[in-house]
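Results of the structural survey
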There are 2 protein chains.
Amino acid sequence: MTAGEFKAGQRQARRLDLRSGRVEMNHGAGGRAMADLVDLLFRQAFDNPLLNQANDQARFSAPQGDMVMTTDSFVISPLFFPGGNIGSLAVHGTVNDLAMGGAEPLYLSAGFILEEGLPLADLARIVEAMAAAAREAGVQIVTGDTKVVERGKGDGVFINTTGVGRVLPGIRVSGELARPGDRVLVSGTIGDHGVAVMSQRQGLAFATELLSDSAALNGLVATMAECAGPSLRVLRDPTRGGVAATLNELAHQSAVGVQLHESALPVRTEVRGACELLGLDPLTVANEGKLLAICEASVAEPLLAAMQQHPLGVNAAIIGEVIEDPLQLVRMTTAIGGERVVDWLHGEQLPRIC
Amino acid sequence: MTAGEFKAGQRQARRLDLRSGRVEMNHGAGGRAMADLVDLLFRQAFDNPLLNQANDQARFSAPQGDMVMTTDSFVISPLFFPGGNIGSLAVHGTVNDLAMGGAEPLYLSAGFILEEGLPLADLARIVEAMAAAAREAGVQIVTGDTKVVERGKGDGVFINTTGVGRVLPGIRVSGELARPGDRVLVSGTIGDHGVAVMSQRQGLAFATELLSDSAALNGLVATMAECAGPSLRVLRDPTRGGVAATLNELAHQSAVGVQLHESALPVRTEVRGACELLGLDPLTVANEGKLLAICEASVAEPLLAAMQQHPLGVNAAIIGEVIEDPLQLVRMTTAIGGERVVDWLHGEQLPRIC
């Protein structure tokens, strides 16, 4: 074979059967099959100038001021669920963790761990959902990595996304900044993501389809920052472990207690019903498009009004207040006037919900 | 139970049995078991002020000038191998990808996907190796994430590390900058990592123990940048797919050919022997502590001398040159005076080598 014939053979070989192909071990071997997967699927979907540098790293100008960095691996099962798939979720989750740091999300990395045998058509749907979610959120996926593990050593696909962002001017949010007297707000109905995924897993059918709330919250956070400025003290998204785990973490970080009012908690009727059926508490169920905010009491009402003007904050509510409590507990006044402690779960309730 | 008793019970429950415990599904559930794992293992090992912010994201001042960002997931099997483990490898790999962008590594994230049943003692060894590798390389692990998947849906542990760094002043390296006449250098012996791992997998014993070369190359790169400045054009570490895949990628990116000289390639005798036994070509075997550099011919000799002064460049060599070639091939003059094309592998040779 001459060098010319050799090269012609190489060129012919560049292909990816996105209709009926499957992930093979050589898609992760660092050779030409991997280059084909990267070039013909990932680069085409995520197309942007930084990714197109085609090095093992992306180079960009540092933003001015403070930055934040966050990472999340996604192992949700099933890969496709009502309202999204692991790809859109992987973008929303990391965009939201940047936004919860008071930052404008800029750049994401994407690391794929593929199981041998995964249909390439499924991978393509997932990658396209990532690309669409990134476009909507205004972030670029600038660098990536692909590994393949043998059948039975993974579960379809796991995705890590890591993000960096630029801190918005004029605000400073952090988990230790809650003070007694502050108000606690939630941006909308709770438990939608966890219940949608669990319903699908259990094969439950409801009269109304339950959809995950998976969404990018950076636009809502920009609105909130503009309204409340430095009076906004804490932002956190109640994902795994739900509102209960997140508020317990924050109570511990700020060394305060939290008093919730059950009657103020926005919960969809269908979610409440499904939770009863599944033996779940909406407070411990994961959300993927909601945030908890803690702010000075004086800005709570205008902040709530600003949130309700945003499409992702229509159902926002003030759900409680920060109190002094040496025990750092989260307590709730129940709908029937009693009081209970809202613990985070020690055991496993919703495995692989994100 | 009073609130006080309740809280006392919570405090008692904070524990992690690092001697005989195993990863359970609740270690990934977002509740207290996960908080214990994070606080008692990850935070203690990686201890630094940014991680200790204990938010879902790390906040830091943006460096001046240009930055790079890179990501890598590690799925190596076995988790422990001669010369390192998946933890040290996960730090070295990402530090090196930052260094290959001409950057000083600053911050890493760490995302863990744990398989139910993994001994916590193994996880602790891995985490301690990560912490030690990070300290040696001068980087901080500033944010992390932990997920758990059911037994049989993972393989012990997968780790994603993503890093950001600050571009070193006075250099500009990128894969498309190689020009005919430039020289190609390698920082040391090739094939050590892949052969060490494969030997362990196959249960081969050699008279001399083969060790992975896994190491952080940022110090060597700083030395090289200082010596060669802008005459250093390309840096890349030949990991999966080895020197063959990396040079083929670079030839394609720069639209050039590469001419190698087999007699100049540094290969350990034991590695050459093991490769013959295992049917491997050292050129396609993964390295984890070596780099390829392409520089202007005029600085090749002084750059080589500078590299050889560094502990990780003692066996550095000039192994070839960049040539004009519309076919963008990598060719090699063999030890016996012939010439062959050095292709990258299409098929799978060394699955899960990193």
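Since the structure is predicted, the reported quantities are computational estimates derived from the model, not experimental observations.

So, the relation of the copies chain A and chain B
Mapping one chain copy onto the other needs a rotation about an axis and a shift along that axis. The transformation that overlays chain A on chain B combines an axial shift of 0.0 Å with a rotation of 180°, and the residual RMSD is 0.0 Å. Such a turn and shift between the copies fits a two-fold axis. Taking the C-alpha atom as reference, chain A places A:G154 closest to the rotation axis, 2.2 Å from it. The overlap is high: 100% of the interface residues of chain A also sit at the interface in chain B, so the same surface is used on both sides.

Some remarks on the interface of chain A and chain B
A common measure of how large an interface is: the accessible area buried when the components associate. Residue-level contacts link 89 residues of chain A with 90 residues of chain B. Interface of chain A and chain B: buried area, both sides summed, is about 7400 Å²; carbon and sulfur atoms make up 53% of it. On inspection of chain A and its partner chain B, the count reaches 12 salt bridges. Among the salt bridges present, the one from A:D145 reaches B:R240, with a minimum N-O distance of 3.0 Å. Remark: the boundary between chain A and chain B carries 42 residue pairs in polar contact (both at pLDDT 80 or more). Across the side of chain A that touches chain B, the residue classes tally to 36 nonpolar, 32 polar and 21 charged. Judged from the four bridges that link them, strand β2 (residues 66-74) of chain A and strand β1 (residues 58-61) of chain B form a sheet pairing that is antiparallel. Residue pairing across strands places A:V68 opposite B:R59, the latter belonging to β1(B).

A short note on the domain arrangement of chain A
All names here are of chain A. Looking at chain A, the domain boundaries give domain 1 (12-167) and domain 2 (183-341). Using only C-alpha atoms to locate each centre, domain 1 and domain 2 end up separated by 29 Å. Counting from both sides, the interface comprises 17 residues of domain 1 and, opposite them, 21 residues of domain 2. Summed over the three residues of domain 1 that lose the most area to domain 2, namely P82, N96 and M100, the buried surface amounts to 38% of that side. Our count for the domain 1 to domain 2 interface comes out at zero salt bridges. Put simply, the parts of the chain that give the side of domain 1 that touches domain 2 at least two residues each are β3 (80-81) and α3 (86-100). No other element matches α3, which puts eight residues into the side of domain 1 that touches domain 2. Across the side of domain 1 that touches domain 2, the residue classes tally to 11 nonpolar, five polar and one charged.

The rules behind these values
Residues numbered from 1 in each chain as written. Chains lettered and ligands numbered in written order. Predicted model: local features only at pLDDT ≥ 70, side-chain atom pairs only at ≥ 80, totals over all residues. Heavy atoms only, no water. Least-squares fit on C-alpha atoms with pLDDT ≥ 70 in both. Contact = heavy atoms within 4.5 Å. Buried area = accessible area lost by both parts, 1.4 Å probe. Salt bridge = Lys/Arg side-chain N within 4 Å of Asp/Glu carboxyl O. Polar contact = N/O pair within 3.5 Å; in protein donor to acceptor, adjacent residues only side chain to side chain. Nonpolar A, V, L, I, M, F, W, Y, C, P; charged D, E, K, R; others polar. Pairing = 2+ DSSP bridges. Helix = DSSP H or I, 4+ residues; strand = E, 2+ residues; numbered from the N terminus. Domains from an automatic or database assignment.

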